[in-house]
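Structural description and commentary
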Amino acid sequence: MPCNKKIISLKNVSMNYHTLSKETFALNNISFDVHDKEFVTILGPSGCGKSTILSLISGMIKPSKGNIYINSKHIDLCNSTVAYMLQRDNLLEWRTIKQNVLLGLEIKKNLCKESMQYALNLLKTYGLEDFIDYYPSQLSGGMRQKVALIRTLAINPQVLLLDEPFSALDYQTRISISEEIKEIIHKEKKTSILVSHDIAEAICLSDRVIILSKRPSKVKKIINIKFKLNNLTSIQKRKEPGFQKYFDEIWQEMNDSE
Ligand code: ADP
Ligand code: MG
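Residues numbered from 1 in each chain as written. Chains lettered and ligands numbered in written order. Predicted model: local features only at pLDDT ≥ 70, side-chain atom pairs only at ≥ 80, totals over all residues. Heavy atoms only, no water.

1. Quick look at the overall build of the protein chain
For the protein chain, the count of helices and strands is 9 helices and 10 strands. Taken over C-alpha atoms, the radius of gyration comes to 18 Å for the protein chain, in line with the 18 Å a tight globule of 258 residues would show. Counting every position in the protein chain, which comprises 258 residues, the buried fraction comes to 48%. Carbon and sulfur atoms make up 50% of the accessible area of the protein chain, which totals about 13300 Å². (Helix = DSSP H or I, 4+ residues; strand = E, 2+ residues; numbered from the N terminus. Rg over C-alpha atoms; globule rule 2.2 N^0.38 Å. Buried < 20%, exposed > 50% of the residue type's maximum accessible area, 1.4 Å probe, protein only. Areas by Shrake-Rupley, 256 points an atom, 1.4 Å probe, with all protein chains shown as cover.)

Right under this line is the structure:
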């Protein structure tokens with residue numbers, strides 16, 4: 001369950017991109033917090049600046065204005081509290097599943113007996129033990145995304161940034177794998193920010209949904225998601241009356257051009 005400790009804070013963050021030919025005003029005065037073990041989804045139209053927010057939180061780019069804090073401190077470039085998972089799994093085809101999962105640890109020069117054991121245990125706990133010597137091409141799209149998640153978890157980050165990780169999957173796989181991935185993140189007690197443009201996915205996976213406007217985007221609304229019963233599956237949530245209520249509220253907000 002999420003608690004009140006703030007892990008991530010964006011305070012009045014704006015972002016302008018400058019290229020030789022133009023300036024793009026992507027984010028306009030964005031502020032929000034994410035709490036310990038919370039699962040927050042950022043929803044917004046394509047091109048509104050969702051990935052930009054994740055890049056800012058990861059420290060890969062700096063905001064034009066405003067401040068970002070992780071654990072109450074200004075973020076450092078490429079800090080290891082935060083790890084990224086992308087839409088494409090980016091598994092290396094010439095490495096086995098085990099070698100792929102250990103890649104982040106190798107890059108960070110942090111591969112030792114303990115960290116290797118931790119990574120292998122994750123593969124075991126989450127049902128991939130029989131596949132450790134397989135190559136990525138021998139796995140389904142859903143399983144590949146699970147491997148990509150475990151590779152991200154292997155470096156034991158506090159925060160996971162998930163940039164539309166399910167959008168390349170077919171609809172059915174998407175529902176089941178997103179559920180599985182949410183469950184893994186919950187069990188591993190991570191704080192997560194998911195970027196999506198799928199309203200139903202956001203409702204089923206999140207504790208809170210942050211809705212952004214078109215570019216230059218502002219926070220339009222933040223909605224707490226709560227169902228009467230805890231531990232409902234995505235399919236069960238979709239049948240609840242509360243699901244339709246949230247869906248209508250978010251739909252209206254996203255289609256309101258104000
Ligand atoms: P989203 O993830 O919501 O689709 P992005 O954060 O990728 O949106 O992009 C927001 C806007 O900023 C887009 O108009 C995009 O073209 C522009 N943009 C993103 N990255 C860069 C960059 N490195 N240089 C210039 N413009 C960029
Ligand atoms: Mg994006």
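2. A few points about the environment of Ser-176
Within the fold, Ser-176 resides in helix 6 (residues 171–187). Ser-176 gets classed as partly exposed once you look at its relative accessible area, which sits at 41%. Placed 34 residues apart in sequence, Ser-176 and Gly-142 show a C-alpha to C-alpha distance of 8.6 Å.

3. As for the side chain of Lys-146
You can see Lys-146 is positioned in helix 5 (residues 141–154). Judged by relative accessible area, Lys-146 falls into the buried class, the value being 9%. Within the structure, the side chain of Lys-146 is placed 2.9 Å from the backbone oxygen of Tyr-126, a separation counted as a polar contact. Contacts of Lys-146, omitting those with residues within four sequence positions, involve Tyr-126, Leu-128, Ile-177, Glu-180, Ile-181 and Ile-184. (Polar contact = N/O pair within 3.5 Å; in protein donor to acceptor, adjacent residues only side chain to side chain. Contact = heavy atoms within 4.5 Å.)

4. Looking at the pairing of strand 8 (residues 191–196)
Burial analysis of strand 8 places 6 of its 6 residues in the buried class, the great majority of the element. Burial along strand 8 is two-sided: the residues Thr-191, Ile-193 and Val-195 and Ser-192, Leu-194 and Ser-196 are all buried. Two strands pair when backbone bridges link them, and strand 3 (residues 39–43) and strand 8 are joined in this way by 5 bridges, in the parallel orientation. If you follow Phe-39 over to strand 8, its bridge partner there is Ser-192. Alignment of strand 7 (residues 159–163) against strand 8, held across 5 bridges, turns out to be parallel. The residue of strand 8 that forms the bridge with Leu-160 is Ser-192. Once you follow strand 7 into helix 6 and on to strand 8, the crossover reads as right-handed. (Pairing = 2+ DSSP bridges. Right-handed = clockwise from strand over helix to strand, strands pointing away.)

5. Here we look at the sheet that holds strand 10 (residues 219–224)
Taken in spatial order, the 6 strands line up as 6-7-8-3-9-10 in an open sheet, and their pairing is mixed. Looking along the sheet, the strands with just one partner apiece sit at the ends: strand 6 (82–85) and strand 10. On average, adjacent strands in this sheet sit at an angle of 15 degrees to one another, irrespective of strand direction. Note: strand 6 against strand 7, 4 bridges, orientation parallel. Paired with Met-85 across the strands is Leu-162, a residue of strand 7. Running at roughly 165 degrees to strand 6, helix 5 makes contact with strand 6 and strand 7 of the sheet. (Axes fitted to C-alpha atoms, helices over the stretch in contact; angles between N-to-C directions.)

6. Digging into the packing of helix 5 against helix 6
Taken N-terminus to C-terminus, the directions of helix 5 and helix 6 make an angle of 20 degrees; their axes are 10 Å apart at the nearest point. Between helix 5 and helix 6, the crossing angle belongs to the class labelled roughly parallel. Note that helix 5 runs across helix 6; the crossing there is right-handed. Where helix 5 abuts helix 6, its residues Gly-142, Met-143, Gln-145, Lys-146, Leu-149 and Leu-153 lie against Thr-173, Ile-177, Glu-180, Ile-181, Ile-184 and Ile-185. By residue class, the composition of the contact of helix 5 with helix 6 is 7 nonpolar, 3 polar and 2 charged. (Parallel < 35°, antiparallel > 145°, perpendicular 65-115°, else oblique. Left-handed = near helix turned anticlockwise from the far one by under 90°. Nonpolar A, V, L, I, M, F, W, Y, C, P; charged D, E, K, R; others polar.)

7. A few points about the pattern of salt bridges
Counting across every chain of the model gives 11 salt bridges. We note a salt bridge from Glu-106 to Arg-95, for which the minimum N-O separation is 2.9 Å. On the criterion of sequence distance, the pair formed by Glu-106 in helix 3 (residues 103–107) and Arg-95 in the loop between strand 6 and helix 2 (97–101) is long-range, its members being 11 residues apart. Glu-106 sits in the partly exposed class, given a relative accessible area of 33%. For the salt bridge of Lys-221 with Glu-249, the shortest nitrogen-to-oxygen distance reads 3.3 Å. A residue pair is termed long-range when its members are at least 10 positions apart, and Lys-221 in strand 10 and Glu-249 in helix 9 (residues 241–255) qualify at 28 residues. For Lys-221, a relative accessible area of 30% puts it in the partly exposed group. (Salt bridge = Lys/Arg side-chain N within 4 Å of Asp/Glu carboxyl O.)

8. With respect to the site of ligand 1
In the vicinity of ligand 1, the contacting residues are Tyr-17, Thr-19, Thr-24, Pro-45, Ser-46, Gly-47, Cys-48, Gly-49, Lys-50, Ser-51, Thr-52 and Arg-215. Here an oxygen atom of ligand 1 sits 2.9 Å away from a polar atom, N or O, in the side chain of Ser-51. A distance of 3.1 Å separates an oxygen atom of ligand 1 from a polar atom in the side chain of Arg-215. (Near = heavy atom within 4 Å.)

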